[in-house]
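What follows is each chain in one-letter form.
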Amino acid sequence: DVITEEGCIKYLYNMVINRTFDGYMTEIKTIYGQLQKILGIKIEPAPDEWDRLYNVDFFIKIKDKYIGLQIKPAGGVSHIPQIFKEGVIQAATHKKFTKKFGGKVFYIISIKEGNTKKIHNTEVIQEIEDEIKRL
């Protein structure tokens, strides 16, 4: 068998990128699905442009305003300080989002408990509910 560059690229793409991305998307869908059920309101995936410009993964539309959501999977509790550090760095993009769309951006941190994913920072649920009422 001859190993080709194209074969290597396909192998790496399928083994690394596809599997990692699929796992990441499954985790995100699980968390945003839980949040959607808890809040009783539709949560939608953000356009790619919002992800790049505002660091927003999902949004909630309230009248003509939007609330941004960023879901951060934590491999464990030890990863949470790094997520908060990212939050400080991304604060400027989140302020731009609020200025343009009216609603705040919230971090939802997911952690694995047993075989399930859970929202770690459950206090964010009340904060989102308060923002929905405000808007």
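Rules behind the numbers
- Note that residues are indexed from 1 along each chain, following the sequence as it is written.
- Where totals are concerned, whole chains, interfaces and linings use all residues; where local detail is concerned, this predicted model gives features only for residues with pLDDT of at least 70, and gives and counts side-chain atom pairs only at 80 or more.
- With hydrogens and water stripped out, all remaining heavy atoms of the structure feed into the side-chain values.
- Secondary structure follows DSSP: runs of H or I at least 4 residues long count as helices, runs of E at least 2 residues long count as strands, and numbering of each begins at the N terminus.
- Only protein chains enter the accessibility calculation, which uses a 1.4 Å probe. A residue is then buried if its area is under 20% of the maximum for its type, exposed if over 50%, and partly exposed in between.
- Any pair of residues with heavy atoms lying within 4.5 Å of one another is described as a contacting pair.
- Accessible areas in this description were obtained via Shrake-Rupley with a 1.4 Å probe; residue shielding takes into account the shown protein chains only.
- For this analysis, a ring pair means two rings from Phe, Tyr or Trp (six-membered ring only for Trp) whose centres lie within 6.5 Å, classed as stacked if their planes differ by under 30 degrees, edge-to-face if by over 60, and tilted for the remaining angles.
- Strand pairing requires that DSSP identify at least two bridges connecting the strands.
- Only C-alpha atoms enter the line fits that serve as axes; for helices the fit covers just the stretch in contact. Angles between N-to-C directions range over 0 to 180 degrees.
- Confidence per residue, as judged by the predictor, is encoded in pLDDT with a range of 0 to 100.
- Each helix should span, by expectation, one fewer than its residue count multiplied by 1.5 Å.
- Taken from the helix axis, the directions to the C-beta atoms give the arc we talk about.
- What makes a nonpolar core is a set of buried Ala, Val, Leu, Ile, Met, Phe, Trp, Tyr and Cys residues whose side-chain atoms join them at distances within 4.5 Å.
- Should a side-chain nitrogen of Lys or Arg be within 4 Å of a carboxyl oxygen of Asp or Glu, the pair is scored as a salt bridge.

K.L.:
Lay out the overall build of the protein chain in plain terms, naming residues and giving numbers.
P.N.:
A tally of helices and strands in the protein chain yields four helices and five strands. Ordering the α and β elements of the protein chain from the N terminus gives α-β-α-β-β-α-β-β-α. Here the protein chain holds 135 residues, and the buried ones make up 37% of them. Once local pairs closer than 6 in sequence are excluded, the contacts in the protein chain between residues at least 24 apart make up 56%. Of the roughly 8,900 Å² of accessible surface on the protein chain, 56% is carried by carbon and sulfur atoms.

K.L.:
An account of the packing of aromatic side chains is requested, with residue identities and associated values reported.
P.N.:
Tallied over the full model, the rule gives nine aromatic pairs. Arranged with centres 5.6 Å apart and planes meeting at 85°, the rings of Tyr 66 and Phe 101 form a pair that is edge-to-face. Of the two residues, Tyr 66 sits in strand E3 (residues 65-73) while Phe 101 sits in helix H3 (residues 80-101), which places them 35 residues apart along the sequence. There is no split in this pair, since Tyr 66 and Phe 101 are both buried.

K.L.:
How would you explain the pairing of strand E5 (residues 116-119) if you had to name every residue and give the values?
P.N.:
Inspection of the sheet shows strand E4 (residues 102-113) paired to E5 by four bridges, in the antiparallel sense. The partner of Glu 113 across the bridge, within E5, is Thr 116. If you look at the hairpin formed by E4 and E5, you'll find two residues sitting between the two strands, and Gly 114 has a positive phi there, around 65°.

K.L.:
Go over the environment of Ser 110, please, and point to the residues and values.
P.N.:
With respect to the helices and strands, the residue Ser 110 is situated in strand E4. For the pair Ser 110 and Ile 31, spaced 79 residues apart in sequence, the C-alpha to C-alpha distance is 6.8 Å.

K.L.:
So what's going on with the sheet that holds E5? Residues and values would help.
P.N.:
On the basis of which strands lie adjacent, the open sheet formed by five strands has the order E1-E2-E3-E4-E5 and mixed pairing. Taken across any chain shown, the strands that pair with only one partner, and hence form the sheet edges, are strand E1 (44-45) and E5. Sitting on the sheet, helix H4 (residues 123-134) touches strand E2 (58-62), E3, E4 and E5, and the angle it makes with E4 is about 160°.

K.L.:
Got a sec to walk through the confidence of the model for the protein chain? Specific residues and values, please.
P.N.:
In this model, the protein chain carries a mean pLDDT of 81, and residues with pLDDT of at least 70 account for 74%. Mean pLDDT across the secondary structure elements of the protein chain bottoms out at helix H1 (residues 5-39), with 69, and peaks at H4, with 96.

K.L.:
Explain H4 to me, using residue names and the numbers behind them.
P.N.:
Here H4 contains 12 residues, and its C-alpha end-to-end distance of 17 Å stays within 8% of the 16 Å for a straight helix at 1.5 Å per residue. Within H4, burial applies to Val 124, Ile 125, Ile 128 and Glu 131. Relative to the axis of H4, the buried residues are bounded by an arc of 125° and lie together on one face. In H4, the exposed positions that point more than 90 degrees away from the buried face belong to Lys 133 and Arg 134.

K.L.:
Any details on the nonpolar core? Residues and values, ideally.
P.N.:
Of all hydrophobic cores here, the largest spans 18 residues; its most connected members are Leu 35, Ile 43, Ile 60, Leu 69, Ile 108 and Ile 128. Among the secondary structure elements, those contributing two or more residues to this core are H1, E2, E3, E4 and H4. Counting residues per element, this core draws most heavily on H1, which supplies four residues. Discounting chain neighbours no more than four positions away, the residues touching Ile 60 are Leu 39, Ile 41, Lys 42, Ile 43, Lys 65, Tyr 66, Ile 67, Leu 69 and Ile 128. Counting nine residues, the second largest nonpolar core, distinct from the first, contains Ala 46, Val 56, Tyr 66 and Phe 101.

K.L.:
Please set out the pattern of salt bridges residue by residue, giving values where relevant.
P.N.:
One pass over the structure, following the stated rule, counts one salt bridge. One salt bridge connects Glu 131 with Arg 134, and the closest N-O pair in it is separated by 2.9 Å. Taken as a pair, Glu 131 and Arg 134 lie in helix H4 at a separation of three residues, close to a single helical turn.

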